[in-house]
Amino acid sequence: MEGLGSLLFFAILFFVMMRWGCGAHMMHGHGGHKKEKYIDPVCDMEVDADKGYGMTHQGQSYRFCTRSCLGKFDADPERYLNKEKGAEHGM
Ligand SMILES: [Zn+2]
């Protein structure tokens, strides 16, 4: 019975340490694991790397906030890419 008790104690201690360590790490946000953000070329919204919808176009990966943005881009990628390159809004 004593063995089980200390095992449980260590399990809880371990659990608390894991939670604590992980939380502190995320709060400080240091280290090499930087969260990447993409700009949705259709609506210019920021999209987290683990959110939205992604696709690759000409070796370049893009992310979209919604499926409809992805659909628009897929239908006419040049239009949105040219826009992003800073082409003049003259015409
Ligand atoms: Zn969008």
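Quick caveat, the model's predicted, so the values are computed rather than measured.

Caption draft 1: Examining the environment of Tyr38 more closely. Residue placement: Tyr38 occurs in strand 1 (residues 37–39). Residue classification places Tyr38 among the partly exposed residues on the basis of 18 C-beta atoms within 10 Å. Sequence separation between Tyr38 and Ser61 is 23 residues, and the spatial gap between their C-alpha atoms is 9.0 Å. When near neighbours in sequence (up to four residues on either side) are disregarded, Tyr38 contacts Val47, Ala49, Tyr62 and Arg63.

Caption draft 2: Just the environment of Phe73, in detail. Structurally, Phe73 can be placed in helix 2 (residues 67–75). Residue Phe73 is classed as buried on the basis of its C-beta count, with 21 C-beta atoms lying within 10 Å. Separated by eleven residues in the primary sequence, Phe73 and Tyr62 place their C-alpha atoms 9.6 Å from one another. Those residues within four positions of Phe73 in sequence are excluded, and the remaining contacts are Pro41, Val42, Tyr62, Phe64 and Tyr80.

Caption draft 3: Structural view of the pairing of strand 4 (residues 60–64). Pairing of strand 3 (residues 53–57) with strand 4, which is carried by five bridges, proceeds in the antiparallel orientation. The partner of Tyr53 across the bridge, within strand 4, is Phe64. Here strand 3 folds back onto strand 4 in antiparallel fashion, the turn holding two residues, of which Gln58 has a positive phi close to 50 degrees.

Caption draft 4: Here's a closer look at unusual backbone geometry. Phi at Asp44 takes a positive value of approximately 65 degrees, unusual for a residue other than glycine. Looking at the secondary structure, you find Asp44 in the loop between strand 1 and strand 2 (46–48). On the basis of neighbour count, Asp44 is assigned to the exposed category, with 11 C-beta atoms found within 10 Å. Of note in the backbone geometry, Gln58 takes a positive phi value of approximately 50 degrees without being a glycine. Assignment of secondary structure puts Gln58 in the loop between strand 3 and strand 4.

What counts and what doesn't
Per-chain numbering applies: the sequence of each chain, read as written, is numbered from 1 onward. Residue-level local features of this predicted model are given only where pLDDT is at least 70; pairs of side-chain atoms are given and counted only at 80 or more, and the full residue set underlies all totals for whole chains, interfaces and linings. The secondary structure listing takes helices from DSSP runs of H or I that are at least 4 residues long and strands from runs of E that are at least 2 residues long, numbered from the N terminus. Any residue whose C-beta has 12 or fewer other C-beta atoms within 10 Å is treated as exposed, any with 20 or more as buried, and any in between as partly exposed, C-beta atoms being built from the backbone. Working definition of a contact: two residues with C-beta atoms, positioned from the backbone, lying within 7 Å. Criterion used throughout: strands pair if DSSP finds at least two bridges between them.

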